[in-house]
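In case you want the letters, here they are:
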Amino acid sequence: QVQLVESGGGLVQAGGSLRLSCAASGRTFRSYGMGWFRQAPGKEREFVAAITWNGGSTYYADSVKGRFTISRDNAKITVYLQMNSLKPEDTAVYYCAADRRGQYYTSISSRPRDFGSWGQGTQVTVSS
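Residues numbered from 1 in each chain as written. Predicted model: local features only at pLDDT ≥ 70, side-chain atom pairs only at ≥ 80, totals over all residues. Heavy atoms only, no water.

## Remarks on the pattern of salt bridges
Here is step 1 of the chain: Taken as a whole and judged by the stated rule, the model has 6 salt bridges.
Here is step 2 of the chain: For Arg-111, the salt bridge identified is with Asp-114, shortest N-O distance 2.9 Å.
Here is step 3 of the chain: According to the relative accessible area criterion, Asp-114 is buried, its value standing at 10%.
Here is step 4 of the chain: A single salt-bridge network, built from bridges that share partners, covers Arg-38, Glu-46, Arg-67 and Asp-90. (Salt bridge = Lys/Arg side-chain N within 4 Å of Asp/Glu carboxyl O. Buried < 20%, exposed > 50% of the residue type's maximum accessible area, 1.4 Å probe, protein only.)

## Section: the side chain of Arg-38
Here is step 1 of the chain: Note that Arg-38 resides in strand S4 (residues 34-39).
Here is step 2 of the chain: Classification of Arg-38 as buried rests on a relative accessible area of 5%.
Here is step 3 of the chain: A distance of 2.6 Å separates polar atoms of two side chains, one belonging to Arg-38 and the other to Glu-46.
Here is step 4 of the chain: A polar contact of 2.9 Å, which involves the side chain of Arg-38, links it to the side chain of Asp-90. (Helix = DSSP H or I, 4+ residues; strand = E, 2+ residues; numbered from the N terminus. Polar contact = N/O pair within 3.5 Å; in protein donor to acceptor, adjacent residues only side chain to side chain.)

Have a look at this one:
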């Protein structure tokens, strides 16, 4: 079982940057794809970005493509989300999760139901 803890959220002005981290426990982290999702008040949880177990492939929601970058350091068992050119509409609680379809998957899913071991989330607020 992978346990995940997000950090790095905060308040930032529009156009600014933040780097979120998701620290994992458990040796199996290295063999699972990882994803970032977000949920704004009154809205459903939505996909942001995902990365394969070895970092070989990444996938982004259209709304963040070109502004956000997902990466992972398997030696540090941590996945990151670098967020640049932030907009007020990026305001949400951001969650990381592990792809529960299985280990060593080379395909990427953007469906929340394919992910598990959700962290507690970190708040990102972008002021205009």
